Amino acid sequence: MRAVFWSLLSGLLFGVGLTVSQMINPAKVLSFLDVAGHWDPTLAFVMAGALAVTVPGFAWLRARNVSVFGGELKLPTRRDIDHRLVIGAVLFGVGWGLAGFCPGPALAALSTGLPDVFAFVVAMVAGMLVFRLLSRRA
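Residues numbered from 1 in each chain as written. Predicted model: local features only at pLDDT ≥ 70, side-chain atom pairs only at ≥ 80, totals over all residues. Heavy atoms only, no water.

K.L.:
I keep staring at helix α6 (residues 115–137) and nothing clicks. Help me out?
P.N.:
Note that an α-helix has 3.6 residues per turn; residues three or four places apart therefore point the same way. The first and last C-alpha atoms of α6 sit 33 Å apart over 23 residues, in line with the 33 Å expected at 1.5 Å per residue. Of all the residues in α6, the buried ones are Val117, Val121 and Met124. Along its buried surface, α6 packs onto α5 (103–109). (Helix = DSSP H or I, 4+ residues; strand = E, 2+ residues; numbered from the N terminus. Expected span 1.5 Å × (residues − 1). Buried < 20%, exposed > 50% of the residue type's maximum accessible area, 1.4 Å probe, protein only. Contact = heavy atoms within 4.5 Å.)

Below you can see the structure in the form of structure tokens.
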């Protein structure tokens, strides 16, 4: 139960951070991605702050070899770049550039109640389900 509480608290803190930094605002994200037009570099500071927390956090976890709650630490082991990674990265980038949302901020933006956000999340979940069905067949 303690792990569920801390997971919930971490998720809420992450959502608040996304909201305060305006990562849930598609116009803000799209202006960050518009490097050839009216570029807004402020989200680069948000990403730098995320890296400043993540990099030492992963180093600390790797030194421990167990999760914070003592369970198995599940870190990625693959380091190769294959076609699935490249296609996934391209689809993610195109989707982010077209919609101004990526999965985390989209879930946090559900709190706004805007129909566009719900449509994006439904499409995102549908895409995940289609991928799961297709990958089971392969």
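K.L.:
So what exactly am I meant to see when it comes to helix α4 (residues 83–99) here?
P.N.:
In this model, α4 (17 residues) spans 24 Å end to end at C-alpha, consistent with the 24 Å of a helix rising 1.5 Å per residue. Downstream of α4 by a residue or two, glycine 100 has a phi angle that is positive, lying close to 80°.

K.L.:
Could you clarify how one ought to interpret the environment of lysine 28 in this entry?
P.N.:
Summarising the element assignment, lysine 28 is placed in helix α2 (residues 26–33). On the accessibility criterion, lysine 28 (17% relative accessible area) is buried. Considering only alpha carbons, one finds lysine 28 and tryptophan 39, 11 residues apart in sequence, at a separation of 9.7 Å.

K.L.:
Would you take a moment to explain the packing of aromatic side chains for this structure?
P.N.:
The relative placement of two aromatic rings is captured by the distance of their centres and the angle of their planes. Considering all chains together, one arrives at 4 aromatic pairs under this definition. Summarising the aromatic geometry, the rings of phenylalanine 32 and tryptophan 39 are spaced 6.4 Å apart at their centres and angled 35° between planes, so their arrangement reads as tilted. For phenylalanine 32, a relative accessible area of 12% translates into the label buried. Since its relative accessible area comes to 43%, tryptophan 39 is described here as partly exposed. Geometrically, the ring pair formed by phenylalanine 101 and phenylalanine 120 is tilted, given 5.4 Å between the ring centres and 45° between the ring planes. (Phe/Tyr/Trp six-rings, centres within 6.5 Å; stacked < 30°, edge-to-face > 60°.)

K.L.:
Which parts of the structure should I look at to understand the pattern of salt bridges?
P.N.:
Any two side chains of opposite charge can pair, given that their charged atoms come close. Per the counting criterion, the structure on display carries 3 salt bridges. We note a salt bridge from arginine 78 to aspartate 80, for which the minimum N-O separation is 2.8 Å. The class of arginine 78 is exposed, set by a relative accessible area of 56%. Classification of aspartate 80 as partly exposed rests on a relative accessible area of 42%. A network of salt bridges, in which partner residues are shared, links Arg78, Asp80 and Asp82. (Salt bridge = Lys/Arg side-chain N within 4 Å of Asp/Glu carboxyl O.)

So far we have only geometry, and geometry alone does not tell us how the molecule works.
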